[in-house]
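What follows is the residue order along each chain.
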Amino acid sequence: MPVHEIRHPLIRHKLGLMRQATLSTKSFRELAQEIAALLTYEAAKDLPLEPAMVDGWAGPTQVERLAGKKITVVPILRAGIGMLDGVLSLIPGARVSVVGIARDEQTLQAQTYLERLVGELDQRQALIVDPMLATGGSMVATIDLLKQAGCKEIRALVLVAAPEGIARVTAAHPDVAIYTASVDDGLNEDGYIMPGLGDAGDRVFGTKQKGG
Ligand SMILES: O=P(O)(O)OC[C@H]1O[C@H](OP(=O)(O)OP(=O)(O)O)[C@H](O)[C@@H]1O
Ligand SMILES: O=c1cc[nH]c(=O)[nH]1
Ligand SMILES: [Mg+2]
């Protein structure tokens, strides 16, 4: 599946604002949700439609509506929460599956600490959201557990992706499409994306900044 780097001017502008180290937590949060909505718009452009009839102002009118495709949004805690409302602003009826994963700061290994998935995953499309795709460990772990639960159609929405993370996800799960606002240069020696956003979880939650 291809990687979709959405180089829309609104996304480029908003991401540029997010890269400012002095940006307030409030603005960082707002921009993360706005870009998440724009990525959702792009990722949803091939959702199936079906014809329907409504009572219009001048009588019966044929319209189109989403063909009942079930969707679950899957934020990877913590930082993925920073994109959740943006996705739900466009797909308000989506069910939410939560996955908690923390990256060990020394080994960079992804460690899963929470898994609360919705039912009927074999009939749903999953939209995983996480601001950062760095080594790809957290994303691969999330896709692994969604597939183990029966999910067959999975897309990943990330604000910033490192080429290393894209390569790892694509090698492990070639069927999963990645939508991102930017493919950045790569990882530094601490596993942070460059130029990146720093620690997205800390910036969304207003906790201590650590590196990046
Ligand atoms: O691609 P990877 O190398 O796995 O790194 C990316 C992960 O790291 C960050 O989460 P973190 O572990 O810092 O947790 P947090 O969201 O709770 O801060 C980020 O939000 C991703 O989930
Ligand atoms: O650059 C990075 C890499 C992992 N997690 C982050 O929050 N930022
Ligand atoms: Mg973090």
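Residues numbered from 1 in each chain as written. Chains lettered and ligands numbered in written order. Predicted model: local features only at pLDDT ≥ 70, side-chain atom pairs only at ≥ 80, totals over all residues.

- As annotated in an unreviewed UniProt entry, the chain is Uracil phosphoribosyltransferase from Verticiella sediminum.
- Recorded in UniProt under Sequence similarities (unreviewed entry), the annotation for the chain is "Belongs to the UPRTase family."
- UniProt's Pathway (unreviewed entry) comment on the chain is quoted here verbatim: "Pyrimidine metabolism; UMP biosynthesis via salvage pathway; UMP from uracil: step 1/1." (UniProt positions renumbered as here; feature names shortened; annotations may be inferred.)

1. Focus: the site of ligand 1
1) Next: The environment of ligand 1 is made up of 23 residues, and the closest members are Ala79, Arg103, Thr135, Ser138 and Gly201.
2) Next: Put simply, the parts of the chain that give the shell around ligand 1 at least two residues each are β4 (70–77), β6 (98–103), β9 (132–133), α4 (137–148) and α6 (200–205).
3) Next: Each residue belonging to the shell around ligand 1 can be placed in one class, and the counts come to 13 nonpolar, 7 polar and 3 charged. (Near = placed C-beta within 6 Å. Helix = DSSP H or I, 4+ residues; strand = E, 2+ residues; numbered from the N terminus. Nonpolar A, V, L, I, M, F, W, Y, C, P; charged D, E, K, R; others polar.)

2. Some remarks on unusual backbone geometry
1) Next: With an omega of -10°, the peptide bond running from Leu77 to Arg78 counts as cis.
2) Next: Mapped onto the elements of the fold, Arg78 is located in the loop between β4 and α3 (81–90).
3) Next: The omega torsion across Met194 and Pro195 is -5°, close enough to zero to call that bond cis.
4) Next: Relative to the elements of secondary structure, Pro195 occurs in the loop between β13 (193–194) and α6.
5) Next: A positive phi angle is found at Leu108, which is not glycine, with a value near 65°.
6) Next: With respect to the element layout, Leu108 can be found in the loop between β6 and β7 (110–116).
7) Next: Non-glycine residue Glu120 carries a positive phi angle of around 55°.

3. A look at the UniProt feature "domain: Phosphoribosyltransferase" (unreviewed entry) in the chain
1) Next: Following the UniProt record, the feature "domain: Phosphoribosyltransferase" (unreviewed entry) maps to residues 7–207 here.
2) Next: Counting secondary structure, residues 7–207 comes out at 33% helix and 33% strand; the distance between its end C-alpha atoms is 30 Å.

4. A word on the pairing of strand β8 (residues 124–129)
1) Next: Among the 6 residues of β8, 5 are classified as buried, and the element is accordingly described as predominantly covered.
2) Next: Judged from the 6 bridges that link them, β4 and β8 form a sheet pairing that is parallel. Note on β8: the bridge partner recorded for Ile71 is Gln125. (Buried ≥ 20, exposed ≤ 12 C-beta atoms within 10 Å, placed from the backbone. Pairing = 2+ DSSP bridges.)

5. Some points on the nonpolar core
1) Next: Grouped together as the largest cluster of nonpolar side chains are 51 residues, with contacts concentrated most on Ile35, Leu127, Ile128, Val129, Leu157 and Val158.
2) Next: Take this core: its biggest share by element is 8 residues, from helix α2 (residues 25–43).
3) Next: Once you skip the residues sitting within four places of it in the chain, Leu127 turns out to touch Ala43, Ile71, Val73, Val74, Val87, Arg155 and Leu157. (Core = buried A, V, L, I, M, F, W, Y, C linked by C-beta atoms within 7 Å. Contact = placed C-beta atoms within 7 Å.)

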